[in-house]
Amino acid sequence: MIDDGDIVTVFESVHRVMKAEKILKASLQGVKVIPMPRQLRADCGMAIKFPQQLLDEVKRLLEEKKVPVIEFWCKRDGELCLLPEKPCL
């Protein structure tokens with residue numbers, strides 16, 4: 001389940017999702033692998049979700065470890081919004 005304020009991160013492959021999960025869970029709490037939400041179009045069937053307050057740290061860790069992200073989405077008012085187009089809250 002994705003709650004308002006959660007961030008959903010899209011990667012290009014399941015391999016990258018698994019690599020990102022390992023990196024993020026080693027340093028952060030609240031990171032979960034989820035099935036790709038139907039609203040999002042992506043080749044990979046999985047995504048990572050986490051609370052909005054972790055966004056800067058997630059970006060830093062993934063950049064540091066050279067794990068490319070396709071998109072970040074935020075759930076706001078029951079809808080997923082592509083970042084950085086709209087603020088989450």
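Remember, predicted model here, so these are calculated numbers, not experimental data. (Residues numbered from 1 in each chain as written. Predicted model: local features only at pLDDT ≥ 70, side-chain atom pairs only at ≥ 80, totals over all residues. Heavy atoms only, no water.)

## Side note on the pairing of strand β1 (residues 6–10)
Two faces make up the sheet, and in a regular strand the side chains alternate between them. To be explicit about the condition: The classification of residues rests on relative accessible area computed with a 1.4 Å probe and restricted to protein chains. Under 20% of the type maximum is buried, over 50% is exposed, and intermediate values are partly exposed. Strands here mean DSSP runs of E at least two residues long; helices mean DSSP runs of H or I at least four residues long; both are numbered from the N terminus. Two strands pair under a simple rule: DSSP has to find at least two bridges between them.
Counting buried positions over the 5 residues of β1 gives 5, a clear majority of the element. Both β1 and strand β3 (residues 46–51) contribute to a ladder of 4 bridges, which runs antiparallel. Within β3, the position partnered with T9 by the bridge is I48. Pairing of β1 with strand β4 (residues 71–76), which is carried by 4 bridges, proceeds in the antiparallel orientation. Looking across to β4, one finds that V8 is bridged to W73.

## Regarding the pattern of salt bridges
Convention followed: We define a salt bridge as a contact between a side-chain nitrogen of Lys or Arg and a carboxyl oxygen of Asp or Glu at a distance within 4 Å.
Tallied over the full model, the rule gives 5 salt bridges. Residue E12 pairs with R16 through a salt bridge whose shortest N-O separation is 2.5 Å. Under the relative-accessibility criterion, E12 is labelled partly exposed at 48%. Overall, the relative accessible area of 25% leaves R16 in the partly exposed class. The residue K25 makes a salt bridge to E21 at a minimum N-O spacing of 3.2 Å. Highlighted residues: K25 and E21, both in helix α1 (residues 14–27), separated by 4 residues, approximately one helical turn. Assessed through its relative accessible area of 18%, E21 is described here as buried.

## Some words on the sheet that holds β4
The condition is simple: The angle between two axes is taken between their N-to-C directions and runs from 0 to 180 degrees, where each axis is a line fitted to C-alpha atoms and a helix contributes only its stretch in contact. By definition, residues are in contact when any of their heavy atoms lie within 4.5 Å.
Within the open sheet, the 5 strands sit side by side as β2-β3-β1-β4-β5. Their pairing is antiparallel. Lying at the two open borders of the sheet, with one neighbouring strand each, are β2 (32–35) and β5 (79–82). On average, each strand axis in the sheet is tilted by 35° relative to the strand beside it, whichever way the strands run. Sheet strands in contact with α1 are β2 and β3, and its direction is about 25° off that of β3.

## What to know about the pairing of β3
Where β2 and β3 come together, 4 bridges link them in antiparallel fashion. What sits directly across from P35, in β3, is M46.

## Things to note about the packing of α1 against helix α2 (residues 55–64)
The cut-off we apply is this: Comment on the angle field: the value is read as roughly parallel under 35 degrees, roughly antiparallel over 145, roughly perpendicular from 65 to 115, and oblique elsewhere. Note on convention: the crossing is left-handed when the near helix lies turned anticlockwise from the far helix by less than a right angle, right-handed when the turn is clockwise.
Where α1 contacts α2, the two axes come as close as 10 Å, and the packing angle between them is 125°. With respect to α2, the axis of α1 lies oblique. Crossing angle aside, the handedness with which α1 passes α2 is right-handed. Contacts from A20, I23, L24 and S27 of α1 reach α2 at V58, L61 and L62.

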